[in-house]
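Geometric and topological summary
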Amino acid sequence: MQFATKAIHAGQEPDPSTGAIMTPIFQTSTYAQSGMGEHKGYEYARTGNPTRTALEACLAALEDGDYGLSFASGLAAEHAILNLLSAGDHMVACDDLYGGSYRIFEKVMGRFNVQTTYVTASNVEGYARAIRPNTKLIWLETPTNPLLRLADIRAVAEIAHRHNLLLVVDNTFSSPYFQQPLKLGADIVLHSTTKYINGHSDVIGGAVVTSNREVYEALKFYQNAAGAVPGPFDCWLTLRGLKTLAVRMRQHQENARAVASYLSEHPRVEKVYYPGLVSHPDHELAQRQMSGFGGMVSFQFKGTLADVDQVVRRFKVFTFAESLGGVESLVCHPASMTHGSIPREIREARGLTDTLLRLSVGIEDVSDLLADLEQALA
Ligand SMILES: *Cc1c(COP(=O)(O)O)cnc(C)c1O
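So, here's what we can say about the structure. It should be emphasised that the depicted structure is a prediction, and the values quoted were computed from it without experimental measurement.

Cut-offs used in this document
Residues numbered from 1 in each chain as written. Predicted model: local features only at pLDDT ≥ 70, side-chain atom pairs only at ≥ 80, totals over all residues. Heavy atoms only, no water. Helix = DSSP H or I, 4+ residues; strand = E, 2+ residues; numbered from the N terminus. 1 Å grid on protein atoms, 1.4 Å probe; cavity = no way out; pocket = protein on both sides within 12 Å on 5 of 7 lines; lining within 4 Å. Points joined across faces, edges and corners; volume = space filled by probe spheres on them. Disulfide = S-S within 2.5 Å. Buried < 20%, exposed > 50% of the residue type's maximum accessible area, 1.4 Å probe, protein only.

At the junction of Thr142 and Pro143, the peptide bond is cis and its omega measures out at -5 degrees in the coordinates. Counting through the fold element by element, Pro143 comes out in the loop between β4 (135-141) and α6 (153-162). Geometrically, the link from Asn145 to Pro146 is a cis peptide bond, its omega value of 5 degrees lying close to zero. Locating Pro146 in the fold gives a position in the loop between β4 and α6. Backbone geometry places Asn113, a non-glycine residue, at a positive phi of 60 degrees. Tracing the chain through its elements places Asn113 in the loop between α4 (99-108) and β3 (115-119).

What follows is the structure in C-alpha cells.
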C-alpha cells in the first residue's frame, strides 16, 4: 500500500461490532473480563485502548516500522526514549534542537547524571569523536529547528551501529511523508504528533516508532509504568487529522517553496533558511534523504529587535504563535519563544539570533501569504 492509502486505512478497519467506518472513541477506563485472565485484549486503559491501538498501528505503517506507541505529548515520547538510559550513561545529540528537547536533556536527565554532548548537525565526524565508553545513544533532529540544517541519517546510523548505539531521529519537521528515518538506518523515530501528523493545532501528542522488538518492549513497559498516555478523544482527533497528511504536506511544501523564493529576493531579508533552496548548504543531502523539503522556512530580518517586534505585530494572515505544522500559517520568534530556554550565548553561537523569524507555512492560498509578507515587511 502506498503512503496516502495507509494514512487512511492502516489500523483503521471498520468497527466489527457496528460497521462504523470511523474508529470509535472508546471512552472507557476499564474493560469487562469474563474470568480470571480472560478478556478481549484490553484490561485497563492506561495499558491499552482500541482507539489508541488504531493510531499506533497507523503511525507504525506510515514510518514503515513494526511497532508504534503514542504518548500524551512529544516530550512524553522523548522521556520514554530517554528512559532507555540509566544514571551515568551518556548521549550525543545534534546542537540545533527543539528547545524542549534541550531542556529535558539538561534539566531533567542531567539531574540523573545522564550527560549530553552536542555536535553540529551536519558534522558527521563530530558524532564519532563525541562517543565515550558510556555513550548509549545518538539523537538527531533533522531538519533542525529553527535553522533547518540537516544531519546525514545514513552516515550517523553507520557510526552508531559500529559502536553499538541506538540512533534516534526526531522526524517532526518532515513528517513521514517526506522522510522515513528507519529506512535510512535509524532505530527509533520520534514525532510530536501535535505538529504535521495531527495538522490542525487542536491536540498535543507524541509518538515513537521502531522495528526493534527489544526497544519496543522496553518502551511499551515504560508507557504503561509511567502512564503518559493520550486519551481516546485525542487519539481519534489525531487519526482524523493524519488521514489527509499526504495532501497537506504537498501543499505545505508548494507554499513554502514560494515563500522561500519570495523572501530570498526581499531587500529587508538578510538570509533565508529552506533546504529546498539551491543556496542551502545541505540542499544536496536534502535531495538524497528526503522526498520533499517540507513547510518550514526561517529567515533573518535586516534590522533591530525592535523592528522585528513591529513586523510580527503587522501580520494579518500569519499568526504570531509558537508551534507549527497546522493548516494555518504561523510566525514565531525562536529567541524569545520556542528557544527561550536555551541560554543566550549558546543560542547566538549556533546562529539563532534575535532577528531570526521562523515561519510554519500553512495551506492557505499562497497569494494571500505572499501579500501578507509584503505588507508586514514593508
Ligand atoms: C514540538 C516539538 C517537540 C515536543 O512536542 P510536544 O508535543 O510539544 O511535547 C519535539 N520535537 C520537535 C521538533 C518539536 O517541534
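Take empty space enclosed by the protein next. Tallying each qualifying case throughout the model produces two cavities of 30 Å³ or more. What the largest cavity holds in volume is close to 50 Å³. In this structure, the largest cavity is lined by 13 residues; those nearest its centre are Leu55, Thr193, Gly205, Pro230 and Thr238. Taken together, the elements giving at least two residues each to the lining of the largest cavity come down to α2 (50-62), β1 (67-71) and α9 (232-242).

On to the state of the cysteines, then. In a disulfide, the sulfur atoms of two cysteines are held together by a covalent bond. Across all of its chains, the model carries zero disulfides by this definition. With no disulfide of its own, Cys58 lies 12 Å from the sulfur of Cys235, the closest cysteine sulfur. Exposure remark for Cys58: the relative accessible area of 0% places this residue in the buried category. Assessed through its relative accessible area of 0%, Cys235 is described here as buried.

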